[in-house]
Amino acid sequence: MAIVAGVDFGTLSVRVAIVDSERGRLGSATAEYPLHRTKDDPDHATQSHADHMRALIEATQKALQAANVSGTQIASIALDTTGSSVLPVGEALEPLDDYYLWCDHRAWHEAALITETAHKRNLEAIQWCGGIYSSEWGFSKLLHWLRHNPQKRSRFVTAFEHCDMLTAVLCDVKDPADAPRSVCAMGHKWMWNASLGGLPSEDFLEAVDPLLKGMRHKLNGKYSTSEAIAGGLSSNWAQKLGLRAGIPIPVGAFDAHWDAIGAGARPGDVSNVVGTATCIMAISEDTRLIPGVCGVVPGSIDPKRTGVEAGLSATGDLFGAIARRAGTTVKDLAAGLEEYRPGQTGLLRLTWDNGDRTILVNPNLGGITFGWNMTHTPQDELFAAIEGTAFHTRVILERMAEYGVPIQRVINAGGIPQKNPALNRVYANVLNKPVLVPKVEVTSLGSSIFAFLAAGTFRSIEKAQDAICPAFCVVEPDPAAARTYEELYQFYRQLYFGFGKVDSKPLPAGGVLPALRRIAATARGAS
């Protein structure tokens, strides 16, 4: 028997879970931190390293109290974070600025330049992240920071992903060369590829912008998958957290990747981690390129297999925006959605309000809703947005399957599926597959599993999952609803690629609006 601490840093808060290898979750707690946005720049999204560490202390202490255990009983601690959330640091890992959070899109010019240069120079690494570099990823954000902070460049030593910065700080690492670098983070967001020699070459980076000269060396470190130990908890941070000094800390990873493990995902499963955005995670025995998918990285989810990552740039954020415009909350607006029938609103929504992460990888797109009339309500829009995110998910899963990723089970993980049964029903009908929903929230269970591995409690991920992952509720598709969504999906797919691709051909869309009216009338007549 062992007790560990699993830590999950989300967009607005950190959750710490205290988990027993035999009894499961003993207690957990959260602590919030501010997200800094500016009215004059909707792409700006930053957070403070000091706020993160303050929240970690608060949540850990509260979690220990909730679990009614002593910190000396904790055998290991593991941490996952959002990503790509990038922090420039100076000597001794001193933060030079706030984190560029994952949802900061200011670097879209830099991302376009990286993409253009990569294709001009036939950089193979760009193909492994879908063929288009994103403003959400590491090199884009680093270049944006270097361009806009000339007065700080002389103090710059390196940049860290949030998960790597955390483990380095907790282990009291001062030299960047000794710091852990997560294969998960660097593989998906920085074009690090072991088979291609690691990071892109110095020549390529300097061709993008001379400001990136020397960055390949500055991003050196101990690149490892998450079965490796990053170090031991320092005495200083052990005292602050109320834990025992020296306990092992594994190399960190991104929250969605470990959430998939915590939800019980195995090879053949796709995990939709539905939260502020959606991360779509698959585990494959094979390693092959998938056009438009934002990362195929050996060792990124399961250290012994290939992780495939895709996703939607806005899900919970989108639902929240609809509710705010209506002067209410998502919870109140969602009341009654379980009575809605497929297509009854007559709306078809392309959910690009925060751009497209996959398949198009284009942050410049905006949301489009077809079929408005004078009687539509905010609740109608919310239901259409849920349908739209499900259609977008189907586009992604079809692309994965086309390139050899097996999809035997679909698991809806993350916080939203726990609270929104209407969403799970829509997804099952749109995908025409059973959707599995963990019976309890799994946030931080993935990090707990990697903490157990670090402590030597379990010999494999599968053994740990068998012990602590919850059972599933299964939502089966309804054949009649699936038929309706099959017709709607064909229109959605046509519009998705027709409006989303810069080089798309003229779009024969004259039949879309009449079809939406017909489908809505049929749905209302059947209710």
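The numbering scheme is per chain: residues are counted from 1 as the chain's sequence reads. Per-residue local features of the predicted model are confined to residues with pLDDT of at least 70, and side-chain atom pairs are confined, for both listing and counting, to 80 or more; whole-chain, interface and lining totals are unaffected and use all residues. Only hydrogens and water are set aside when side-chain values are computed; all heavy atoms of the structure are taken into account.

Comments concerning the sheet that holds strand β23 (residues 472-475)
As a reminder of what qualifies: Any two strands between which DSSP finds at least two bridges are classified as paired. In this description a helix means any DSSP run of H or I spanning at least four residues, a strand means any run of E spanning at least two, and both kinds are numbered starting from the N terminus. Geometry is summarised by axes, namely lines fitted to C-alpha atoms with helices restricted to the contacting stretch, and by angles between N-to-C directions that run from 0 to 180 degrees. Contacts are assigned to residue pairs that have any heavy atoms within 4.5 Å of one another.
One open sheet holds the 7 strands; their spatial order is β17-β18-β16-β15-β21-β22-β23, and the pairing between them is mixed. Both outer strands of the open sheet, β17 (296-298) and β23, are each paired with one neighbouring strand and no more. The average angle at which neighbouring strand axes cross in this sheet is 25°, direction not considered. Sheet topology places β17 next to strand β18 (residues 306-312); 3 bridges connect them, and they run antiparallel. What sits directly across from V296, in β18, is V308. Sheet strands in contact with helix α9 (residues 255-262) are β15 (269-274), β16 (278-284) and β18, and its direction is about 60° off that of β16.

What about the pairing of strand β2 (residues 13-20)?
Basically, it comes down to this: Partly exposed residues are those whose accessible area sits between 20% and 50% of the maximum for their type, while under 20% is buried and over 50% is exposed, using a 1.4 Å probe and protein chains only.
For β2, the tally of buried residues reaches 6 of 8 residues, placing the bulk of the element in the interior. Here strand β1 (residues 3-9) runs beside β2; their pairing, made up of 7 bridges, is antiparallel. Within β2, the position partnered with A5 by the bridge is I18. Here β1 folds back onto β2, and the loop between the two strands holds 3 residues.

Re the nonpolar core
Condition: Put simply, a nonpolar core is a bunch of buried Ala, Val, Leu, Ile, Met, Phe, Trp, Tyr and Cys residues held in one set by side-chain atoms that sit within 4.5 Å of each other.
One finds M400 and Y496 to be the most contacted residues of the largest nonpolar core, which totals 62 residues. The residues contacting Y496, other than those within four sequence positions of it, are L350, W352, D356, T358, I359, L360, H392 and V395. Counting 41 residues, the second-largest nonpolar core is a separate cluster that includes L56, V89, L166 and A179.

Brief notes about the packing of helix α2 (residues 108-120) against helix α3 (residues 138-148)
Rule in force here: The scheme is simple: roughly parallel for angles under 35 degrees, roughly antiparallel for over 145, roughly perpendicular for 65 to 115, oblique for anything else. In this scheme, a crossing is called left-handed if the near helix is turned counterclockwise away from the far one by less than a right angle; it is called right-handed if the turn is clockwise. Note on residue classes: Ala, Val, Leu, Ile, Met, Phe, Trp, Tyr, Cys and Pro are nonpolar, Asp, Glu, Lys and Arg are charged, and everything else, Gly too, is polar.
Between α2 and α3, the least distance of the axes is 8 Å, while the angle of their chain directions is 120°. What the angle tells us is that α2 and α3 run oblique. Crossing of α2 over α3 shows right-handed handedness. For the pair α2 and α3, contact is made by E110, A111, L113 and I114 and by F139, S140, L143, H144, R147 and H148, respectively. In terms of residue class, the contact of α2 with α3 is built from 5 nonpolar, 3 polar and 2 charged.

With respect to helix α10 (residues 316-325)
Counting buried positions along α10 yields 7 of 10 residues, so the element is predominantly enclosed. Those residues of α10 not exposed but buried are G316, L318, F319, G320, A321, I322 and A323. Each element contacted by the buried residues of α10 is listed here: α11 (330-334), β19 (348-350), α12 (378-402), α13 (416-419) and α14 (421-431). G327 occupies a position one or two residues after α10 and carries a positive phi of about 70°.

Comments concerning the pairing of β1
For β1, the tally of buried residues reaches 7 of 7 residues, placing the bulk of the element in the interior. Going residue by residue along β1, you find I3, A5, V7 and F9 tucked away on one face and V4, G6 and D8 tucked away on the opposite face as well.

A short note on the packing of α12 against helix α17 (residues 479-500)
Relative to each other, α12 and α17 sit at 75°, their axes nearing to 10 Å. Looking at the two axes, α12 sits roughly perpendicular to α17. Across the interface between the two elements, F383, E387, G388, F391, H392, R394, V395, E398 and R399 from α12 touch Y485, E486, L488, Y489, Q490, Y492, R493, Y496 and F497 from α17. Per-class residue counts for the contact of α12 with α17 are 9 nonpolar, 3 polar and 6 charged.

Let's talk about the pattern of salt bridges
Spelled out, the test is: Any carboxyl oxygen of Asp or Glu that lies within 4 Å of a side-chain nitrogen of Lys or Arg is treated as forming a salt bridge with it.
Evaluated as defined, the whole model comprises 27 salt bridges. In this structure, K152 engages D97 in a salt bridge whose closest nitrogen and oxygen atoms are separated by 3.3 Å. Highlighted residues: K152 in the loop between α3 and β9 (158-161) and D97 in the loop between β7 (86-89) and β8 (99-100), separated in sequence by 55 residues. Judged by its relative accessible area of 19%, K152 falls in the buried class. A salt bridge links R518 to E487; its shortest N-O distance comes to 2.4 Å. One end of the pair, R518, is in helix α18 (residues 512-526); the other, E487, is in helix α17, and 31 residues separate them in sequence.

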